[in-house]
Amino acid sequence: MSPNQGVHPAPVQSPRARLTVRVVGIAAAVGVALTVWLGLWVTPPDQVQGNLVRLVYLHPGVAWVALYLAFGLAAVASLLYLWPRTRSLFWDRLAAAAVEVGVVFNVCTLISGSIWGKPTWGVYWAWDARLTSTAVLLVLFLGYLALRRVPAEPEVRAKRSAFVALFASVDVPIVHFSVLWWKTLHQGATVLNPDLSPTIHGSMAWTLLLSFVALSLVFVWMLLVRYRIGVLEDWLGSGELDVALRERQAEGMIDDEDEAA
Amino acid sequence: MAPPAPPSPAVLLRDAVALSGRFPLLAGVDLQVAPGETVLIEGPNGAGKTSLLRVCAGLVPLASGQVRVLGLDPVRHRGRVRRRVGLLSHASHLYDDLTVGENVRFAVRAAGADPARIVDACERLGLTGRLSKTAASKLSAGQRRRVALAVLAARWPELWLLDEPHAGLDASARSTLDQLIVDAAASGVTVVVASHEAELVGSLATRVVTVTGGRVTAERPAAGSAGTTAVLPGPTSLPPAGAPAQGHVAHVA
Amino acid sequence: MWRDSVLVAGKDLRIEARSKVALSQVAPFGVVALVMFAFALGPDRSLMARGAPGLFWVAVLFCTVLAVQRSVSVESVDGARDGLRLSGIDPAGLFLGKAAAVAVQLVVLEVVLGLGVTLLYGARIEAPWLIAASCLLGTVGLAATGTLYGALSAGLRVKETLLPFLLLPIVAPVLLAGTRVWQAALAGGVPADGTQWLRLLVVFDAVYVALGVVVFGPIQEAA
């Protein structure tokens, strides 16, 4: 007998939710396609960096999603879970989904920054302040996910993860400033690594904005899909609970029946 | 004239369900213990006796249902409840590197209790002289249990929750424990003892409650008093999906 | 809260005095780490002297992980952690007490490691007050965050591998700040550079001590 027969049925996604996910997905795909077309063909190459500048349509966008959108959402959702009045597993699942998708965008940020850096700095990694902070954030994300993998009941796991997210959120601004000072304030004159941000004008600005919007939509779509998967995972787990409750109570009844016989 | 309201129960559990992961420790417990009562909880291994006591101590939150200990919610008013409740569990909560005396002093002061009774409590449990200066790592299981009992005796809280207290004790320690329970009951302390050695405790208790399968399935006055044995009806909280028939026959003495 | 924290700190330090784990195991490990660093960097003493601040603080971080794990494992035997919960002890006091005990042990370790760095690497200290300030402030931050993460990972079977992974990125600012202050305080450095970093350490400490006091109770119950 399947553990879920006769127990509450699978959570069905409302037609409105399904439509929303589909619309977001299509918008994201269109946005990305448009950005690629504009970025690779329509906009002009930079005077200094040449065609390399086209990375500006990818790198700042994924960085924005990883550092602010994903991380910010995870932090706020974790806080909302911890706050007794708004406590609900919805926030926990949302935070976990945001962190997982955030890891993907984080890695993209580091890779695209590295690719951009090689011709600009001469090396793949020059301890640029922003990229270093991004790397630390990636490790914090991975720590959060590692902790979630430890088997525990949903509420305990949610609370633990939320605390880790809280501690990490508080730490990220401090890390950011430390790394910035570390790079820019030291004795003796040192030539700063040239920044990865070029000057933006004209059609480049619009394409840049479009890339931000398109990548944000990709994030939202992935978030919604991942959240849905989380809901299904939890449903699978809770179906076993009702069976366990019944079996536990049956323990007592069998004993009584033996006595009555 | 309306009769005076009965005093609020020391322990109140209503349809209490407690979970550990997916496993239901308690599957709907209904229990009331009046202040000053001595109640024995009996039942087979794994029935949920330990979980019942841990819920009362506020260590395990309920997934559903209600629990009140000394009138308070043991999860929301943790600090207040825990200082007035003493739980004697399977573990003795001792620090291996500290001596018996240091362990007792720390535990009593951590619970915010008056350290004046420590000396008497240790004497009563036979933890004096060389034994009091022995490191906890060198103690036998029975001796560790006696240390935990000494902490309880020094604290003398309003509600005692004892989980298999006789386990591991020799005959003289067992009689000391029995006398301790009698003295506690005489001083108005509410005592709840979980044990599957019903004969040992039955004479000390005023009521015996049977727990099986995570629920209270029977209650009776302790041996020696006349009365009825009530067997409680079957589960009503879940729809019977092919489960055995609900309700049982009640035996009447 | 203060009474409970003194009680708990006293208990932890008494246990350390009896078992001498920090003194006989963690301190030698720190010194061994310093020796390993020297092997790794080669026989060039000027290179070691330049790297001394960073190597000192990395060794301190390793010792912090060990000290925190010891602080957590003391409570794991015989259900002592449950015992602390059952006693109704103030969780904020428990946090401060355990963190204070870890901090005291760390300060002693830092003295040993500082001596090691001076002797082994030839580092010469010109502004001792900066050294002392950075060590004290850094220790408070390390002890507070360590105790918090120790409590978070307390009940887990994988805590030995998880704790360092979780803790070290969080205390990266302490490593950065401590190293810079030491660089400013050693021969060849500019002492004025150090004060800004000290201020960063103060902010870090304030944030995590405050967090710990507020949040330690719920963490205990969730574990």
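Quick notes on the rules
- Residues numbered from 1 in each chain as written.
- Chains lettered and ligands numbered in written order.
- Predicted model: local features only at pLDDT ≥ 70, side-chain atom pairs only at ≥ 80, totals over all residues.
- Helix = DSSP H or I, 4+ residues; strand = E, 2+ residues; numbered from the N terminus.
- Buried ≥ 20, exposed ≤ 12 C-beta atoms within 10 Å, placed from the backbone.
- Contact = placed C-beta atoms within 7 Å.
- Axes fitted to C-alpha atoms, helices over the stretch in contact; angles between N-to-C directions.
- Parallel < 35°, antiparallel > 145°, perpendicular 65-115°, else oblique.
- Left-handed = near helix turned anticlockwise from the far one by under 90°.
- Core = buried A, V, L, I, M, F, W, Y, C linked by C-beta atoms within 7 Å.
- Nonpolar A, V, L, I, M, F, W, Y, C, P; charged D, E, K, R; others polar.
- Pairing = 2+ DSSP bridges.
- Expected span 1.5 Å × (residues − 1).
- pLDDT = per-residue confidence, 0-100.
- Bend = angle between axes of the 7 residues up to and from the residue.

## Quick look at the overall build of chain C
Secondary structure summary: chain C contains nine helices and zero strands in total. Starting at the N terminus and ending at the C terminus, chain C contains elements arranged as α-α-α-α-α-α-α-α-α. For chain C, the spread of C-alpha atoms along the three principal axes comes to 55 × 30 × 30 Å. Out of the 223 residues belonging to chain C, those deemed buried represent 53%. Counted over contacts in chain C with a minimum sequence separation of 6, partners at least 24 positions apart contribute 84%.

## Side note on the overall build of chain B
Assigned secondary structure in chain B consists of seven helices and ten strands. Considering chain B as a whole, with its 253 residues, one finds that 45% of them fall into the buried category. Residue pairs at least 24 apart in sequence account for 65% of intrachain contacts in chain B once pairs closer than 6 positions are excluded.

## A word on the packing of helix 3 (residues 45-74) of chain C against helix 7 (residues 159-170) of chain C
All names here are of chain C. Contact pair helix 3 / helix 7: the axes reach a minimum separation of 11 Å and the direction vectors enclose 130°. Classified by the interaxial angle, the pair formed by helix 3 and helix 7 is oblique. Between helix 3 and helix 7 the crossing geometry is right-handed. Together, L61, V65, V68 and Q69 of helix 3 and E160, L163, P164, L167 and L168 of helix 7 make up the contact between the two elements.

## Thoughts on the nonpolar core
Core analysis: the largest hydrophobic core is formed by 206 residues, its most contacted members being A:A70, A:A95, A:A98, A:F219, B:A150 and B:L161. Looking at this core element by element, the count peaks at 14 residues for helix 3 of chain C. Leaving out residues up to four positions away in the same chain, A:A95 has contacts with A:A74, A:A77, A:S78, A:Y81, A:S161, A:A162 and A:A165.

## Points about the packing of helix 3 (residues 89-121) of chain A against helix 4 (residues 129-148) of chain A
Residues and elements named next belong to chain A. Two elements in contact, helix 3 and helix 4, have axes separated by 9 Å at closest approach and are oriented at 150°. Judged by the sense of rotation from one axis to the other, the crossing of helix 3 with helix 4 is left-handed. Where helix 3 approaches helix 4, its residues A96, V99, E100, G102, V103, N106, V107, T109, L110 and G113 are matched on the opposing element by L131, T134, A135, L137, L138, F141, L142, Y144, L145 and R148.

## Details of the interface of chain C and chain A
Across the boundary between the two partners, chain C contributes 24 residues, which contact 20 residues of chain A. It is helix 9 (residues 192-222) of chain C that contributes the most residues to the side of chain C that touches chain A, ten residues altogether. Classifying every residue of the side of chain C that touches chain A by side-chain character gives 23 nonpolar, no polar and one charged.

## A look at the sheet that holds strand 1 (residues 11-20) of chain B
Residues and elements named next belong to chain B. In space, the three strands of this open sheet follow the order 2-1-4, with antiparallel pairing throughout. Looking along the sheet, the strands with just one partner apiece sit at the ends: strand 2 (23-33) and strand 4 (64-69). When strand polarity is set aside, the average angle formed by the axes of neighbouring strands in this sheet is 30°. Across eight bridges, strand 1 lies against strand 2 in antiparallel orientation. Bridged to L19 within strand 2 is P24. Lying on the sheet, helix 1 (residues 49-56) is in contact with strand 1, strand 2 and strand 4; it crosses strand 2 at an angle near 65°.

## Describing helix 5 (residues 91-121) of chain C
For helix 5 of chain C, spanning 31 residues, the distance from its first C-alpha to its last is 43 Å, which sits close to the expected 45 Å at 1.5 Å a residue. Two residues or fewer past helix 5 of chain C, C:G122 is found with a positive phi of approximately 70°.

## Considering the confidence of the model for chain C
Here chain C averages 88 in pLDDT, and 97% of its residues register 70 or above. Confidence estimates for the predicted assembly give a pTM of 0.83 and an ipTM of 0.86.

## Section: the environment of A:V231
Residues and elements named next belong to chain A. Summarising the element assignment, V231 is placed in helix 6 (residues 203-260). Take V231: there are 16 C-beta atoms within 10 Å of it, and that puts it in the partly exposed class. Separated by 123 residues in the primary sequence, V231 and C108 have C-alpha atoms spaced 27 Å apart. When sequence neighbours within four positions are dropped, the list of residues in contact with V231 reads P11 and R93.

## A closer look at the confidence of the model for chain B
Residues and elements named next belong to chain B. Here chain B shows a mean pLDDT of 80. Residues at 70 or above account for 83%. Mean pLDDT per element in chain B: strand 10 (residues 230-231) is the minimum at 54, and strand 6 (residues 159-163) is the maximum at 92. Long-range and interchain partners of residues 224-228, a stretch whose pLDDT sits below 50, account for five contacts in this model, where long-range means more than four residues apart. Predicted confidence for residues 235-253 stays below pLDDT 50, and this span has 28 contacts to residues more than four positions away or in other chains.

## Digging into the environment of A:G143
Turning to its location among the elements, A:G143 is positioned in helix 4. Not counting the four nearest positions on each side in its chain, A:G143 is found in contact with A:V164, C:F165, C:L166 and C:P169.

## Considerations on helix 2 (residues 59-82) of chain A
Residue and element names in this part refer to chain A. Relative to the 34 Å expected for 24 residues at 1.5 Å per residue, helix 2 spans 33 Å between its end C-alpha atoms, a close match to the ideal helical length. Roughly 30° is the biggest bend found in helix 2, and it falls at V65. Across the 24 residues of helix 2, 17 count as buried, placing the element largely inside the fold.

## Description of unusual backbone geometry
In this structure, B:L70 is a non-glycine residue whose phi angle is positive, near 50°. Take B:L70: it is sitting in the loop between strand 4 and helix 2 (78-84).

## What to know about the pairing of strand 3 (residues 38-42) of chain B
Residue and element names in this part refer to chain B. For strand 3, a buried count of five out of five residues is recorded, marking the element as mostly surrounded by other parts of the structure. The alternating pattern of strand 3 places T38, L40 and E42 on one face and V39 and I41 on the opposite face, and all of these are buried. As paired strands, strand 3 and strand 7 (residues 190-194) are joined by four bridges and run parallel to one another. Counterpart to L40 in the pairing with strand 7 is V193. Note: strand 3 against strand 8 (residues 207-212), four bridges, orientation parallel. Paired with L40 across the two strands is V208, which belongs to strand 8.

## With respect to the environment of A:F71
Residues and elements named next belong to chain A. Position of F71 relative to the elements: it lies in helix 2. Counting along the chain gives 38 residues from F71 to A33, while the straight-line C-alpha distance between them is 26 Å. Beyond its immediate sequence surroundings of up to four residues, F71 is in contact with A66, G102 and L137.

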